[in-house]
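# Commentary on secondary and tertiary structure
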There are 2 protein chains.
Amino acid sequence: MASKNRIRIMYPSSEKIYVPGKIHKINVGMRKIKILDSVTRDENGELVYKKNNPVIVYDTSGPYSDPKIPVNTQNGIPRIRESWYAGRKDLIRLEELTSDYGRQRLADSSLDHIRFPKHHLPYRAKTGKNITQLYYAKRRIITPEMEYVAIRENQQIEALGLKSYITPEFVRKEIAAGRAIIPANINHPEAEPMIIGRKFLVKINTNIGNSALSSGIDEEIEKAVWSCKWGGDTLMDLSTGDNIHETREWIIRNCPVPMGTVPIYQALEKVNGKIEDLSWETYRDTLIEQAEQGVDYFTIHAGLLKKHIELTQTRLTGIVSRGGSIMAKWMQIHNEENFLYTHFAEICEILKMYDIAVSIGDGLRPGSIYDANDAAQFAELHTMGELTQVAWDQFVQVIIEGPGHVPMNKIQENMKEQQYACHNAPFYTLGPLTTDIAPGYDHITSAIGAAQIAWHGTAMICYVTPKEHLGLPDKEDVRTGVVAYKIAAHAADLAKGHPGAQVRDNALSKARFEFRWKDQFNLSLDPERALQYYKDSAVTDGEYCTMCGPNFCAMRLSKDLHKEKCDRL
Amino acid sequence: MASKNRIRIMYPSSEKIYVPGKIHKINVGMRKIKILDSVTRDENGELVYKKNNPVIVYDTSGPYSDPKIPVNTQNGIPRIRESWYAGRKDLIRLEELTSDYGRQRLADSSLDHIRFPKHHLPYRAKTGKNITQLYYAKRRIITPEMEYVAIRENQQIEALGLKSYITPEFVRKEIAAGRAIIPANINHPEAEPMIIGRKFLVKINTNIGNSALSSGIDEEIEKAVWSCKWGGDTLMDLSTGDNIHETREWIIRNCPVPMGTVPIYQALEKVNGKIEDLSWETYRDTLIEQAEQGVDYFTIHAGLLKKHIELTQTRLTGIVSRGGSIMAKWMQIHNEENFLYTHFAEICEILKMYDIAVSIGDGLRPGSIYDANDAAQFAELHTMGELTQVAWDQFVQVIIEGPGHVPMNKIQENMKEQQYACHNAPFYTLGPLTTDIAPGYDHITSAIGAAQIAWHGTAMICYVTPKEHLGLPDKEDVRTGVVAYKIAAHAADLAKGHPGAQVRDNALSKARFEFRWKDQFNLSLDPERALQYYKDSAVTDGEYCTMCGPNFCAMRLSKDLHKEKCDRL
């Protein structure tokens, strides 16, 4: 039985605020961090207090950080988007599940004890209608989702009363051009819309998922919320163990961020791990099963063709993508073309009915520095570009997955090749790791690469934890991985000059210079850790820290130097 | 009383080897990592074993990793370089210490209980002679130190029987041109020569040092050796507490890597922390005191001029360099020019007598993203370039210190400005941190920047630990910081195409692909952590790991795919 626990996310000195839409009836949740006054002395030695603006930051924690919304995992979180499409004429609500597997699981009473208590009937596009964000964007319609992300991207700019180029219309144009996507399955109305595109804040994805014999449902929900707490923008459920279907339902119903999956994993479970038994029919039913649960994007390794396999013969580390290696093996056994490729148009027909985005998987991503940017990788990339057009023809939103292991000098080339081959569809990379020699520290080897590739235009970076290559991450690993990737993403936002990105840096640095320690912690990506490290050292005074001691505090000496204090921000 | 402990560094499956010089009687220590055989099956299902070359890696651990050399901290480590200059006519051995302070401490019997047991009389250049590596290089003489680093830089290439462009003559030319330095005080013969220059392996520096009330001598030696264990190339002792002189002696006598200091710190201690009482005389005596102990390079904040101070008025975080803020305050109190600037030629006259390199400190390095690449920083940088010429005029080797906090988009500009302003003298940067918002994770924010600036040409990067901005690092922080910086340095070496850099990546990736787990750990930067993480997960078989389970192991599937196994390396 899954948890009845109320889950709550707390951030220090923070308040949940909502910014209403102007076009649509929407409310965009944000986090307001309160800042202490700056304190100085005037000529007479009297204390002078000066207000500091609060800092408003992008918030991925959904209702969990709103004390007014009691969250009980048994109920799921509020279905905020459901009212947005209540009146829409292009949607229907089905009377039963469409997939065989979904129906079979629902009818199996032996699963009742692990089943999510509420059964929500799925939405789907009416026959002949297209409901994707891309379709609306092309028709010049600004959806609530588009306005939502426009407000969300500008959290700090709006608060300062400034104008940013990121307007709802700008969002619409980027989506219409295929340069950005909003992954938002209509069956996941719990998710707060977010945008993935190179002209927006860089997003990060985290992976969770149980494997055989590992974690249970409670633990998976806890991990999902934990990822949201630290700033994960989307969540991929890579489960391969038992009861994937039921576990996924619990997670989606409690997940305020878009969720992705790799459906081939579950399809393979359904044929008991026998790759030879995989078929289009099983896969298709899995897509529909997951579509009606609310998965927002599917990783589909459709770009890996039979002819590409021989290109991996000269590789050092062959095929390191799980999905890629499964499909390669299937092709070898059957001596047939990848069925994900041959059925790609049909896949898109399913996806568009729910507005699921496709994340075209890079089955041939390099697994070592040696294999980076090789013929196999780029051959597949060009096929991915071809598939991008197929998806776009049906107004299915597309992102393209990328590597992997790439030395720094090849990162920009990889980014350029992706943009060229895939017609500017957003790039979504795993790292890349910039060296192979640091297992145990691959959150760092890859944050170095992720920051650079994001600066050059990658829209979303998939986190890597310290356990990569060694084992499954525990909660602390997830936290470390997420924060490492928030750093990479933010460093890229700064380098790209995203409007308002630097406001938080400035506020934190000002707090640091003025010895407002609490503000420094509260403004940081991980206030708890910063505070803990500070406490671990013996602090003797508010006016200097243990690093240098009183005689060597540069900041104090520097402040003494200037009569007027820093009030420029 | 300091430790009588024997300190030993152990690396798994590793052997200490020595490569002899061809020009000089030198032996260059290296670490040879033994690799298991690759095991495959032939057509008949019989096991076939194939040898793998051992991997030879750069080794900073000195005698501590050689079981044949018993190290007792009471004796200090072998003075390997002393025999190299035994016959030289341009050196003399002094009969007593030159500095007043050094003599005074030596005469004080109350310090006997904390004094290093052996008193080595200092070496110095004969009057009228120049003994620096730069001087020799300009005279077209290849010193033992030059041959040593040439062999050391090529550890892997030579083992493979290949030729590299890094020859002793190449080293000499780079030093002669001022593009590289070998910091090697003749009074630190325990140190193994290493080279800092953009055409060589990127080096990393670690900082240790006690502050008031913190660690003792034993602990400082332990930290120094610990830094060498993980790969620190040089070590800066930033102590500001009691008994700096005696502590430093213990560290230098046991330190196999060059050591740097910031002499103004000790000078300030000598005047009881009263900046107004700092004087050229005190500082000069401190230089000589430390010179005769064997400090290999001095950070000297001579580029910060009186006129620069007003440029910091518009900064968000003023002056964040300790040395810089001390000198700024001194200039303000006395209304005089920085005495490190006005006496810089005299400083160089002292330095050249011992072949101490000068690391011109950047007192105005930016302490926040907001202040990066500002007028103050670049004004000082140009003065540093002017001082570079002053030092070179006396054949004193020069490196230039750099920031700090710099967003990614300003890193290359900073590098270019440094090369231009400082006539290609090697750049030595602290990070830079690419965002301000992650205290507790600044080893990561800065490894991102360090990898990039090193790729663009920075020769040495100064590590940052997770405790930066929050407190003093403990041993685990030092380990994490060093490994993060080894990653950044190695990523840069790969990107720059340093000869042989990729050999270790290839060997590790091949081991990973062939499920030779032990080799994967042994080849990694931190074998202990990699092994621990692996053990933390329940491993069920040698042919797959807990990450994916048996059905989802991409590497196993990929290997099944190809009949022939990977024997290309």
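Chain A goes by Phosphomethylpyrimidine synthase in an unreviewed UniProt entry, where it is assigned to Parabacteroides hominis. Chain A has a UniProt comment under Catalytic activity (unreviewed entry) that states "5-amino-1-(5-phospho-beta-D-ribosyl)imidazole + S-adenosyl-L-methionine = 4-amino-2-methyl-5-(phosphooxymethyl)pyrimidine + CO + 5'-deoxyadenosine + formate + L-methionine + 3 H(+)". Quoted straight from UniProt, the Sequence similarities (unreviewed entry) entry for chain A says "Belongs to the ThiC family."

Turning to the overall build of chain A, a few remarks are in order. For chain A, the count of helices and strands is 21 helices and 17 strands. Taking 569 residues into account, the globule formula puts the C-alpha radius of gyration at 25 Å, and chain A, at 24 Å, falls close to it. Projected onto its principal axes, the C-alpha coordinates of chain A cover approximately 85 × 55 × 45 Å. In chain A, once contacts between residues fewer than 6 apart in sequence are set aside, the share between residues at least 24 apart is 75%. Put simply, chain A shows about 19,400 Å² of open surface, and 50% of that area lies on carbon and sulfur atoms. Between the mean site of the 69 positive side-chain charges and the mean site of the 72 negative ones, chain A shows a separation of 6 Å.

Attention now goes to the UniProt feature "binding site: [4Fe-4S] cluster" (unreviewed entry) in chain A. Residues and elements named next belong to chain A. Mapped onto this numbering, the UniProt entry gives "binding site: [4Fe-4S] cluster" (unreviewed entry) at Cys545, Cys548 and Cys553. Within the element layout of this structure, Cys553 appears in the loop between helix 20 (527–536) and helix 21 (554–561). Judged by its relative accessible area of 7%, Cys553 falls in the buried class.

Moving on to the relation of the copies chain B and chain A. In the superposition of chain B on chain A (RMSD 0.0 Å, axial shift 0.0 Å), the rotation amounts to 180°. Both chain copies can therefore be described as sitting about a two-fold axis. Taking the C-alpha atom as reference, chain B places Ile448(B) closest to the rotation axis, 2.3 Å from it. An overlap of 100% is found between the interface residues of chain B and their copies at the interface of chain A, pointing to a shared contact surface.

A separate point is the interface of chain B and chain A. Residue-level contacts link 104 residues of chain B with 104 residues of chain A. Of the roughly 8,900 Å² buried where chain B meets chain A, counting both sides, 66% is carbon and sulfur surface. Here chain B is connected to chain A by 14 residue pairs in polar contact (both at pLDDT 80 or more). Broken down by secondary-structure element, the contributors of at least two residues to the side of chain B that touches chain A are helix 8 (263–270), helix 11 (322–334), helix 16 (442–455), helix 17 (475–496), helix 18 (502–513), helix 19 (517–522), helix 20 (527–536) and helix 21 (554–561) of chain B.

The next subject is the sheet that holds strand 5 (residues 55–57) of chain B. Residues and elements named next belong to chain B. Ordered in space as 1-2-5, the three strands form an open sheet in which the pairing is antiparallel. At either end of the open sheet lies a strand with only one pairing partner, and these are strand 1 (14–20) and strand 5. Sheet twist, expressed as the average angle between the axes of neighbouring strands with direction ignored, equals 40°. Here seven bridges tie strand 1 to strand 2 (residues 27–33), and the two strands are oriented antiparallel to one another. Within strand 2, the position partnered with Glu15 by the bridge is Lys32. Helix-sheet contacts for helix 3 (residues 144–153) involve strand 1 and strand 2, and the interaxial angle to strand 2 is about 10°.

Moving on: the nonpolar core. Membership of the largest hydrophobic core comes to 266 residues, with the highest contact counts inside it found for Leu278(A), Tyr283(A), Ile461(A), Leu278(B), Tyr283(B), Leu351(B) and Ile461(B). Contact partners of Tyr283(A), with chain neighbours within four places excluded, come to Pro263(A), Ile264(A), Ala267(A), Thr299(A), Ile300(A), Phe339(A), Leu340(A) and Ile347(A).

A few words on the environment of Phe395(A). Residues and elements named next belong to chain A. In this fold, Phe395 is placed in the loop between helix 14 (375–393) and strand 15 (398–402). Classification of Phe395 by relative accessible area gives partly exposed; the value is 23%. Residues Phe395 and Thr299 lie 96 residues apart in sequence; the distance between their C-alpha atoms is 17 Å. Dropping the residues within four chain positions of it, Phe395 is found in contact with Asn130, Thr132, Leu134, Tyr135 and Lys138.

One key point about sheets: their strands pair by backbone hydrogen bonds, in either a parallel or an antiparallel sense. Residues and elements named next belong to chain A. Strand order across the open sheet formed by three strands is 1-2-5, with antiparallel pairing between neighbours. The open sheet has two free edges, formed respectively by strand 1 (14–20) and strand 5 (55–57), since each of these has just one partner strand. Taking each pair of neighbouring strands and ignoring which way they run, the sheet shows an average axis angle of 40°. Where strand 2 (residues 27–33) meets strand 5, three bridges bridge the pair, whose relative direction is antiparallel. The residue of strand 5 that forms the bridge with Ile33 is Val55. Relative to the sheet, helix 3 (residues 144–153) contacts strand 1 and strand 2, its axis offset from that of strand 2 by approximately 15°.

On the surface, Lys89(A), Lys126(A), Lys129(A) and Arg139(A) cluster together to form a positively charged patch. Here Arg139(A) is to be found in the loop between helix 2 (133–138) and helix 3.

All names here are of chain B. Of all 11 residues that make up helix 13 (residues 344–354), eight are buried, and the element is covered over most of its length. Within helix 13, burial applies to Phe344, Ile347, Cys348, Ile350, Leu351, Lys352, Met353 and Tyr354. Buried positions along helix 13 lie against strand 7 (123–125), helix 9 (280–293), strand 13 (297–300), helix 12 (339–342), strand 14 (357–360) and helix 14 (375–393). The first or second residue beyond helix 13 is Asp355, which carries a positive phi of 55°.

The subject of this paragraph is the pattern of salt bridges. For side chains bearing opposite charge, pairing can occur when the charged atoms are close. Residues and elements named next belong to chain A. Evaluation of the coordinates by the stated rule reveals 62 salt bridges over all chains. Note that Arg103 is salt-bridged to Asp100, the shortest N-O span being 3.2 Å. Placement of the pair is Arg103 and Asp100 together in helix 1 (residues 100–107), with a separation of three residues, close to one helical turn. On the basis of relative accessible area, Arg103 is assigned to the partly exposed category, the value being 32%.

Backbone torsion omega between Pro403(B) and Gly404(B) reads 10°, so that peptide bond is classified as cis. Tracing the backbone through its elements, the reader meets Gly404(B) in the loop between strand 15 (398–402) and helix 15 (411–421). Of the consecutive residues Gly431(B) and Pro432(B), the connecting peptide bond is found in the cis state with omega at 10°. Topologically, Pro432(B) is positioned in the loop between strand 16 (427–430) and helix 16. The backbone of Asn272(A) sits at a positive phi, close to 55°, despite the residue not being glycine. Its location among the elements puts Asn272(A) in the loop between helix 8 (263–270) and helix 9 (280–293). Phi is positive for Asn373(A), which is not a glycine, with a value near 55°. Mapped onto the secondary structure, Asn373(A) falls in the loop between strand 14 (357–360) and helix 14.

Those residues of helix 15 (residues 411–421) of chain A lying buried are Ile411(A), Asn414(A), Met415(A), Gln418(A), Gln419(A) and Ala421(A). Next to the buried residues of helix 15 of chain A lie helix 14, strand 15, strand 16 (427–430) and helix 16 (442–455) of chain A.

A few words on the packing of helix 8 of chain B against helix 9 of chain B. Axes are the key here: two packed helices are described by the angle between their axes and the distance separating the axes. Residues and elements named next belong to chain B. Contact pair helix 8 / helix 9: the axes reach a minimum separation of 9 Å and the direction vectors enclose 120°. Between helix 8 and helix 9, the crossing angle belongs to the class labelled oblique. Here the hand of the crossing between helix 8 and helix 9 comes out right-handed. Residues Pro263, Ile264, Gln266, Ala267 and Lys270 of helix 8 form the contact with helix 9, whose participating residues are Thr282, Tyr283, Asp285, Thr286, Leu287, Glu289 and Gln290. When the residues that make up the contact of helix 8 with helix 9 are grouped by side-chain class, the tally is five nonpolar, four polar and three charged.

It is worth spelling out the packing of aromatic side chains at this point. Counted under the stated rule, the structure contains 30 aromatic pairs over all chains. Summarising the aromatic geometry, the rings of Tyr297(A) and Tyr428(A) are spaced 6.2 Å apart at their centres and angled 85° between planes, so their arrangement reads as edge-to-face. Linking Tyr297(A) in strand 13 (residues 297–300) with Tyr428(A) in strand 16, this pair joins segments that are 131 residues apart in sequence. Here Trp280(B) and Tyr283(B) contribute two aromatic rings whose centre-to-centre distance is 6.4 Å and whose plane-to-plane angle is 35°, an arrangement assigned as tilted. Within this pair, Trp280(B) and its partner Tyr283(B) are both found in helix 9, separated by three residues, close to a single helical turn. Each of the two residues, Trp280(B) as well as Tyr283(B), counts as buried. Joined through ring pairs, the aromatic side chains of Trp280(A), Tyr283(A), Trp330(A) and Phe339(A) make up one cluster. Sitting above the plane of the Tyr533(B) ring, Lys467(A) keeps its charged end 5.2 Å from the centroid. Sitting over the face of the ring of Tyr11(B), Arg31(B) holds its NZ or CZ atom 4.0 Å from the ring centroid.

Calculation rules
- Residues numbered from 1 in each chain as written.
- Chains lettered and ligands numbered in written order.
- Predicted model: local features only at pLDDT ≥ 70, side-chain atom pairs only at ≥ 80, totals over all residues.
- Heavy atoms only, no water.
- UniProt positions renumbered as here; feature names shortened; annotations may be inferred.
- Helix = DSSP H or I, 4+ residues; strand = E, 2+ residues; numbered from the N terminus.
- Rg over C-alpha atoms; globule rule 2.2 N^0.38 Å.
- Contact = heavy atoms within 4.5 Å.
- Areas by Shrake-Rupley, 256 points an atom, 1.4 Å probe, with all protein chains shown as cover.
- Lys, Arg positive; Asp, Glu negative; His and termini not counted.
- Charge placed at Lys NZ, Arg CZ, Asp CG, Glu CD.
- Buried < 20%, exposed > 50% of the residue type's maximum accessible area, 1.4 Å probe, protein only.
- Least-squares fit on C-alpha atoms with pLDDT ≥ 70 in both.
- Buried area = accessible area lost by both parts, 1.4 Å probe.
- Polar contact = N/O pair within 3.5 Å; in protein donor to acceptor, adjacent residues only side chain to side chain.
- Pairing = 2+ DSSP bridges.
- Axes fitted to C-alpha atoms, helices over the stretch in contact; angles between N-to-C directions.
- Core = buried A, V, L, I, M, F, W, Y, C linked by side-chain atoms within 4.5 Å.
- Patch = residues over 30% accessible without salt bridge, like charges linked within 9 Å, V, L, I, M, F, W, Y side chains within 5 Å.
- Salt bridge = Lys/Arg side-chain N within 4 Å of Asp/Glu carboxyl O.
- Parallel < 35°, antiparallel > 145°, perpendicular 65-115°, else oblique.
- Left-handed = near helix turned anticlockwise from the far one by under 90°.
- Nonpolar A, V, L, I, M, F, W, Y, C, P; charged D, E, K, R; others polar.
- Phe/Tyr/Trp six-rings, centres within 6.5 Å; stacked < 30°, edge-to-face > 60°.
- Lys NZ or Arg CZ within 6 Å of the ring centre and 35° of its normal.

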